[in-house]
Amino acid sequence: MNILINIKEILFSPYSFFQKVKKEKDIKLAVSHFLAVTFFGLFMLSFIFSGLFYKIFSHTWVTGLRFFPKLLLMWTLPFFLVTLLMSFVLSGVLHMFIKFLKGKGNYTQTYQLYVYAQTPSYLYGWLLVLLQVKSSVNFFNLISWIHVFILLLIGCQQIYAFPRWKSVLVVLFFLGVSVVSSNLLQSVFGIVMNIFNVSFF
């Protein structure tokens, strides 16, 4: 399936999309999809932050764009690689929980479920971060995560034929794992930003 077609179906026809996913034999398409949407999301975040940083220090967005290439190299690429690695780890943890609930699928299907469900957080999560910063309203970033949880719920029902209560358990488990992994990633981000601050200021 084409990545753009995937995105369209994930956003607007998730039930039929996850039915099609069951026919995928390996994770090649899922990995390609994840690489594309993840890099796009992180690229846009870097672009936004490069401008916001300089805006905070009373400079202009144009000045911030000069800062963008180094931010891209020092933050986006390392974070991109960490996110890719974590996708395999977190989908493995998720797969063990699904097996605990007597799910009959294999790791490939769980990885596909994890990756495709993550699409909203990278596709438009950066825009919600911008709105949150500009408006000082804290709930904008939750919108993409709610969308992710809905996709997980639908995916569990379509791929594993889980009843709704089991799908809800998977979503709640994923929420807990996400909180832990997010804290770890934020720690990594903090270390990178410390290095970054030393380099620039």
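What you see is a predicted model; the values in this text were computed from it and never measured.

Reading the values: the criteria
Residues numbered from 1 in each chain as written. Predicted model: local features only at pLDDT ≥ 70, side-chain atom pairs only at ≥ 80, totals over all residues. Heavy atoms only, no water. Helix = DSSP H or I, 4+ residues; strand = E, 2+ residues; numbered from the N terminus. Buried < 20%, exposed > 50% of the residue type's maximum accessible area, 1.4 Å probe, protein only. Polar contact = N/O pair within 3.5 Å; in protein donor to acceptor, adjacent residues only side chain to side chain. Patch = residues over 30% accessible without salt bridge, like charges linked within 9 Å, V, L, I, M, F, W, Y side chains within 5 Å. Areas by Shrake-Rupley, 256 points an atom, 1.4 Å probe, with all protein chains shown as cover. Salt bridge = Lys/Arg side-chain N within 4 Å of Asp/Glu carboxyl O. Contact = heavy atoms within 4.5 Å. Phe/Tyr/Trp six-rings, centres within 6.5 Å; stacked < 30°, edge-to-face > 60°. Axes fitted to C-alpha atoms, helices over the stretch in contact; angles between N-to-C directions. Parallel < 35°, antiparallel > 145°, perpendicular 65-115°, else oblique. Nonpolar A, V, L, I, M, F, W, Y, C, P; charged D, E, K, R; others polar. Left-handed = near helix turned anticlockwise from the far one by under 90°.

### Here we look at unusual backbone geometry
At Lys102, a position not held by glycine, the phi torsion is positive, near 70 degrees. Mapped onto the secondary structure, Lys102 falls in the loop between α4 (61-100) and α5 (107-117).

### Some points on α5
By the criterion of burial, α5 is predominantly enclosed, with ten of the eleven residues buried. Looking only at α5, the buried set comprises Thr108, Gln109, Thr110, Tyr111, Gln112, Leu113, Tyr114, Val115, Tyr116 and Ala117. Where α5 begins, the side chain of Asn106 points an oxygen toward the backbone nitrogen of Thr108, at a separation of 3.2 Å.

### Some remarks on a nonpolar patch on the surface
On the surface, a nonpolar cluster with roughly 530 Å² of combined accessible area is contributed by Trp165, Val168, Leu169, Leu172, Leu175 and Val179. Within the secondary structure, Val168 sits in helix α9 (residues 164-200). Overall, the relative accessible area of 35% leaves Val168 in the partly exposed class.

### Digging into the side chain of Ser91
Structurally, Ser91 can be placed in helix α4. Polar contacts involving the side chain of Ser91 include one to the main-chain carbonyl oxygen of Ser87, which spans 2.7 Å. Other than its neighbours up to four places away in sequence, Ser91 contacts Met86, Tyr107, Thr110, Tyr111 and Tyr114.

### A short note on the packing of aromatic side chains
The full count for this structure, using the stated rule, is 13 aromatic pairs. An angle of 85 degrees between the planes, with centres 5.9 Å apart, marks the rings of Phe34 and Tyr122 as edge-to-face. Linking Phe34 in helix α3 (residues 28-56) with Tyr122 in helix α6 (residues 119-123), this pair joins segments that are 88 residues apart in sequence. Ring geometry for Phe149 against Phe174: centres 6.2 Å apart, planes inclined by 80 degrees, an arrangement best described as edge-to-face.

### Considerations on the packing of helix α1 (residues 3-12) against helix α2 (residues 14-21)
Two elements in contact, α1 and α2, have axes whose closest approach is 6 Å; the angle formed by their N-to-C orientations is 130 degrees. It follows that α1 is oblique to α2 by the angle criterion. Here α1 contributes Asn6, Glu9, Ile10 and Phe12 to the contact with α2, which in turn contributes Pro14, Phe17 and Lys20. Residue composition of the contact of α1 with α2, grouped by class: four nonpolar, one polar and two charged.

### A look at the pattern of salt bridges
Per the counting criterion, the structure on display carries one salt bridge. The residue Lys20 makes a salt bridge to Glu9 at a minimum N-O spacing of 2.8 Å. With Lys20 in helix α2 and Glu9 in helix α1, this residue pair connects regions lying eleven residues apart in the sequence. Judged by its relative accessible area of 14%, Glu9 falls in the buried class.

### Focus: the packing of α2 against α5
Contact geometry of α2 with α5 gives a least axis separation of 11 Å together with a crossing angle of 150 degrees. Compared by their axis directions, α2 and α5 come out roughly antiparallel. The way α2 lies across α5 gives a crossing that is right-handed. Counted together, Phe17, Phe18 and Val21 of α2 and Gln112, Leu113 and Tyr116 of α5 form the full contact between these two elements.

### Details of the side chain of Ser87
With respect to the helices and strands, the residue Ser87 is situated in helix α4. Here Ser87 falls in the buried class, since its relative accessible area comes to 0%. Apart from the residues within four sequence positions on either side, Ser87 is in contact with Phe34, Tyr111 and Tyr114.

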